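# Observations on chain architecture
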Amino acid sequence: MLFISPPFGNYNFLPNAMSIKGSFTLHYRPGLIQQIFKTLKFNTEKNGWVNKIGLRNPGIDYAIKYYNKNNIVSIAIINASDIDYIENKIPKDMNIELNISCPNIDHKLVSYGLDTFLNKKRKWCIIKLSPTTKINKVDYYYNIGFRQFHCCNTIPIKEGGLSGPEIKNYSLPMIKSIKMKYPDTTIIGGGGIRTMKDIEEYRKAGAEHFSVSTLCFSPLGLLRLYWNYNKTSSSA
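Quick caveat: nothing in here was measured; it's all calculated off a predicted structure. (Residues numbered from 1 in each chain as written. Predicted model: local features only at pLDDT ≥ 70, side-chain atom pairs only at ≥ 80, totals over all residues. Heavy atoms only, no water.)

## A few points about the sheet that holds strand β4 (residues 48-51)
Strand order across the open sheet formed by 4 strands is β3-β4-β10-β9, with antiparallel pairing between neighbours. Every interior strand has two partners, whereas the edge strands, β3 (41-43) and β9 (155-157), have only one. Taking the axes of each pair of neighbouring strands and ignoring which way they run, one obtains an average angle of 35° across the sheet. Two elements, β4 and strand β10 (residues 160-162), share 2 bridges in a ladder whose sense is antiparallel. Directly across from Asn51, in β10, lies its bridge partner Gly161. (Pairing = 2+ DSSP bridges. Helix = DSSP H or I, 4+ residues; strand = E, 2+ residues; numbered from the N terminus. Axes fitted to C-alpha atoms, helices over the stretch in contact; angles between N-to-C directions.)

## Re the packing of helix α5 (residues 168-181) against helix α6 (residues 196-205)
Relative orientation of the contacting elements α5 and α6 amounts to 30°, with a least axis distance of 8 Å. Judged on the interaxial angle alone, α6 and α5 are roughly parallel. Counted together, Lys168, Ser171, Leu172, Ile175, Lys176 and Lys179 of α5 and Asp198, Glu201, Tyr202 and Ala205 of α6 form the full contact between these two elements. The residue makeup of the contact of α5 with α6, split by class, is 4 nonpolar, 1 polar and 5 charged. (Parallel < 35°, antiparallel > 145°, perpendicular 65-115°, else oblique. Contact = heavy atoms within 4.5 Å. Nonpolar A, V, L, I, M, F, W, Y, C, P; charged D, E, K, R; others polar.)

## Re the sheet that holds strand β11 (residues 186-190)
Read once around its circumference, the closed barrel built from 8 strands follows the order β1-β2-β5-β6-β7-β8-β11-β12, with strand pairing classed as parallel. Mean inter-strand twist for the sheet, computed between neighbouring axes without regard to direction, equals 25°. For strand β5 (residues 71-75) and strand β6 (residues 96-99), the ladder comprises 3 bridges, and the chain directions are parallel. Bridge pairing in β6 places Ile75 opposite Leu98.

## Some details on helix α3 (residues 82-89)
What α3 keeps buried is the set Asp82, Ile83, Ile86 and Glu87. For α3, the angular spread of buried residues about the axis comes to 125°, placing them on one side. Opposite the buried face of α3, at more than 90 degrees from it, the exposed residues are Asp84, Tyr85 and Asn88. The elements touched by buried residues of α3 are α2 (60-65) and β5. (Buried < 20%, exposed > 50% of the residue type's maximum accessible area, 1.4 Å probe, protein only. Arc of directions from axis to C-beta.)

## Things to note about the nonpolar core
Ile60, Ile75, Leu114, Phe117, Ile127 and Leu129 are the most contacted members of the largest nonpolar core, which totals 57 residues. When neighbours within four sequence positions are excluded, Leu114 is seen to be in contact with Ile77, Ile83, Leu98, Ile100, Ile127, Tyr141 and Phe146. Ranked by size, the runner-up nonpolar core spans 7 residues in total, among them Phe3, Met18, Ile20 and Ile72. (Core = buried A, V, L, I, M, F, W, Y, C linked by side-chain atoms within 4.5 Å.)

Note that all results are geometric; they support no functional claim without further evidence.
Here it is, written out as structure tokens:
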């Protein structure tokens, strides 16, 4: 499956591609448009996009209102006390991705006590890992019941979160380590995917699914990858 990650997953209308919408926090966080214009820029040295949007979003109630079962809602928890409020609000069968690793917010997101979101009604209950996540943190999530991991989020740098090919230096080894230790996990591999060659690198590392985001800045590039991916998948 090809996943379209935030923020572009909010606007994806491609059939046979799964949208990840968000990330949403418990409460509305204003200033999205201003932050995009202020912080989103291309880093020529790193060949990737940098942003410090800081989880500006309309809040979890908005996500619930427009949710459908063909999508996944990305949730970011700012305070531990938000966990019960969010879990009680969202449908028990809502597909979710728990974003524990957004680097462009001023303080760390909550990354513990998340097993309350696990239940058999959810087809997807994903942990989105940071490029700097150590295997002992993966051990923790595995031991409390998580089996779906997204490798991985943007790279934390001084200016914000770095997207693009640089992520592959982190995500590919991470995927290999997780699959070697926990072969029953399901991995979404992403970061720097531009062509089918990148997807094959992720597949060889152990990913079953693949996510794109900043590729969406190039609609023709996205459509080319989408067409080639579906062509390859249908002939497999």
